Amino acid sequence: ITKMPFVVLGKFSLAITRCSFIVVHDFFDTCDATAILFKPIVQRHEGCQVMCFNYPGQANTVWPRVSLAERDRGAVEPVLNNDWIADRLHELLKHAEQEGDI
């Protein structure tokens, strides 16, 4: 199981009047810091949304870990590279859309 906390600032609207952003920040930034940066922009521009998230390994995240029994059968730990993160981001975006967050 992978858990990546995310925040969506601004209100969802079908009438698109402003740009919305999905922020893929540097590994050393955090979702909280990014939200603080974008909060005044979202407040000033009604209809704008900003979505940010934490990478696996950052605060409150969980990523798949292979158990000892699985390792004995040849399973390997996932490599947390850009391809893996892109796949998780795709899943996160689908989830947020299905839940009506964005």
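Residues numbered from 1 in each chain as written. Predicted model: local features only at pLDDT ≥ 70, side-chain atom pairs only at ≥ 80, totals over all residues. Heavy atoms only, no water.

Visitor: Pulling in residues and values, what's your account of the overall build of the protein?
Guide: Counting its regular elements, the protein contains 3 helices and 3 strands. In the protein, the succession of α and β elements from N to C terminus is β-β-α-β-α-α. For a compact globule of 102 residues, the expected C-alpha radius of gyration is about 13 Å, and the protein comes in at 16 Å, more than 25% above that figure. Evaluated residue by residue, the protein yields a buried proportion of 26% over its 102 residues. Pairs at least 24 residues apart make up 78% of the contacts formed inside the protein by residues separated by at least 6 positions. Summing over all exposed atoms, the protein offers an accessible surface of approximately 7200 Å²; the carbon and sulfur share of this is 56%. Charge centroids of the protein, computed over 10 positive and 13 negative side chains, lie 4 Å from each other. (Helix = DSSP H or I, 4+ residues; strand = E, 2+ residues; numbered from the N terminus. Rg over C-alpha atoms; globule rule 2.2 N^0.38 Å. Buried < 20%, exposed > 50% of the residue type's maximum accessible area, 1.4 Å probe, protein only. Contact = heavy atoms within 4.5 Å. Areas by Shrake-Rupley, 256 points an atom, 1.4 Å probe, with all protein chains shown as cover. Lys, Arg positive; Asp, Glu negative; His and termini not counted. Charge placed at Lys NZ, Arg CZ, Asp CG, Glu CD.)

Visitor: Outline the packing of aromatic side chains, listing residues and values.
Guide: One pass over the full model with this rule turns up 2 aromatic pairs. Centre to centre, the rings of Phe21 and Phe38 are 5.8 Å apart; their planes meet at 40 degrees, and the pair counts as tilted. Highlighted residues: Phe21 in strand E2 (residues 21-23) and Phe38 in helix H1 (residues 31-44), separated in sequence by 17 residues. Summarising the aromatic geometry, the rings of Phe53 and Tyr55 are spaced 5.5 Å apart at their centres and angled 65 degrees between planes, so their arrangement reads as edge-to-face. Both residues of the pair, Phe53 and Tyr55, count as buried. Across the ring face of Trp84, the terminal group of Arg88 is positioned such that the distance to the ring centre comes to 4.8 Å. (Phe/Tyr/Trp six-rings, centres within 6.5 Å; stacked < 30°, edge-to-face > 60°. Lys NZ or Arg CZ within 6 Å of the ring centre and 35° of its normal.)

Visitor: An account of the confidence of the model for the protein is needed here, citing residue identities and associated values.
Guide: Looking at the protein as a whole, the pLDDT averages 85, with 100% of positions reaching at least 70. When pLDDT is averaged over each element of the protein, strand E3 (residues 50-53) comes out on top at 92 and helix H2 (residues 68-72) at the bottom at 87. (pLDDT = per-residue confidence, 0-100.)

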